[in-house]
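Given next are the chains, with one letter for each unit.
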Amino acid sequence: MINDAHCHFFTEGFFAALAWQRGKAESIEDITHELGWETPDGAEQLADRWVRELDAKGVSRAALIASVSRDEDAIGAAVARHPSRLVGFFMIDPSAGDANERARRGFEEFGLRAACLFPAMHHVALDDVRTDRVLDIAAAHAGAVFVHCGVLSMGVRKKLRLPSAFDVRLGNPLELQPLATAYPQVPFIVPHFGAGMFREALMLADMCPNVHLDTSSSNNWVRYIPGLTLEAAFRAAISVVGPSRLLFGTDSSFFPRGWQQGIYEEQKRIVEGLQMSADDQALIFGGNFDRLFARRGDD
Ligand SMILES: [Zn+2]
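The rules behind each value
Residues numbered from 1 in each chain as written. Predicted model: local features only at pLDDT ≥ 70, side-chain atom pairs only at ≥ 80, totals over all residues. Heavy atoms only, no water. Core = buried A, V, L, I, M, F, W, Y, C linked by side-chain atoms within 4.5 Å. Buried < 20%, exposed > 50% of the residue type's maximum accessible area, 1.4 Å probe, protein only. Helix = DSSP H or I, 4+ residues; strand = E, 2+ residues; numbered from the N terminus. Contact = heavy atoms within 4.5 Å. Donors = N, O, S within 2.8 Å, 3.2 Å for Na, K, Ca; no water.

### Remarks on the nonpolar core
Here comes step 1: Counting residues in hydrophobic clusters, the biggest one holds 71 residues, and the most contacted among them are Phe188, Phe193, Val211 and Leu213.
Here comes step 2: In terms of residue count, helix H3 (residues 43–57) provides more of this core than any other element does, six residues in total.
Here comes step 3: The residues touching Val211, leaving out its near neighbours within four places in the chain, are Ala180, Phe188, Val190, Leu204, Ala205 and Arg245.
Here comes step 4: Counting 18 residues, the second-largest nonpolar core is a separate cluster that includes Ala5, Ile189, Leu247 and Phe289.

In structure tokens:
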């Protein structure tokens with residue numbers, strides 16, 4: 001069984017935000033045409049597109065991240081349509097005036113399961129009181145919190161030549177330690193093994209039993225650590241964090257590329273080479289995800 005803990009739901013709202021940021025009279029179609037990507041035609045159609053893709057690739061369930069602020073209703077419509085296949089995550093900018101209300105609605109009205117914080121993008125530190133408020137709301141709704149740490153580069157912004165005013169100093173995994181300790185009942189997910197801050201991510205997860213690491217993306221960050229291979233990273237993560245807090249993910253996002261089978265095959269080959277039990281392998285590729293995000297409803 002395969003569950004993917006990290007995919008992106010690129011809606012019309014996502015592309016509209018990019019079009020607006022270009023500062024020209026551009027349409028959503030101008031943006032998707034330039035990228036060579038499919039133009040979404042409503043959240044429900046995009047949800048169906050995802051489920052067809054998951055079916056074709058043999059993937060049981062996937063977390064889809066609403067990848068622009070204020071897109072909770074679209075991802076909410078997607079998970080309402082396919083509750084047994086899709087799990088909704090949503091980006092929240094704690095600096096927005098309505099962040100608390102949006103977080104509450106995301107969990108409560110739209111049935112979303114994780115709020116996604118991007119401290120480097122939103123310029124809100126993890127020890128900022130505005131971050132605490134989002135955590136309070138996640139905790140009150142038994143939600144998880146995804147925190148992007150380390151290097152943040154958005155391929156789509158590079159392709160469109162959009163500037164990215166990120167402050168990656170705010171995404172040090174160690175900054176998350178007081179928060180993870182203060183909210184022990186909240187599961188935290190740090191994607192891409194900490195995206196370059198691997199040692200800090202391992203330290204964090206070693207100290208905080210509620211911190212999980214996702215394995216998603218091509219993990220090109222390994223080149224920041226001389227001699228490190230993705231296989232060695234998996235081996236170290238399993239020895240420090242254990243198999244029950246690693247979540248397989250691909251970072252799949254746009255169509256027609258769809259679900260990134262190649263990333264799965266590479267990680268599967270690595271994990272199979274680590275002499276782990278079949279049960280432990282199954283935790284990484286699906287069991288941990290099902291434990292954190294128990295199924296609601298049926299399709
Ligand atoms: Zn991602």
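That shown, we press on.
### What to know about the coordination of the zinc ion
Here comes step 1: Within the protein, the zinc ion binds to His6 (NE2), His8 (NE2) and Asp251 (OD); these donor distances fall in the range 2.0 to 2.1 Å.
Here comes step 2: Motif for the zinc ion, donor spacing along one chain: H-x1-H-x242-D. For the pair formed by His6 and His8, the shared burial category is buried.

### Details of unusual backbone geometry
Here comes step 1: With an omega dihedral of 15 degrees, the bond running from Phe255 to Pro256 counts as a cis peptide bond.
Here comes step 2: Its place among the elements puts Pro256 in the loop between strand E8 (246–247) and helix H12 (261–272).
Here comes step 3: Although it is not a glycine, Ala142 adopts a positive phi angle of roughly 55 degrees.
Here comes step 4: For Ala142, the position within the fold is in the loop between helix H7 (129–140) and strand E5 (144–147).
Here comes step 5: Residues other than glycine seldom take positive phi values, yet Ser217 does so here, at roughly 85 degrees.
Here comes step 6: By secondary structure assignment, the location of Ser217 is in the loop between strand E7 (211–214) and helix H11 (230–240).
Here comes step 7: Assessed through its relative accessible area of 13%, Ser217 is described here as buried.

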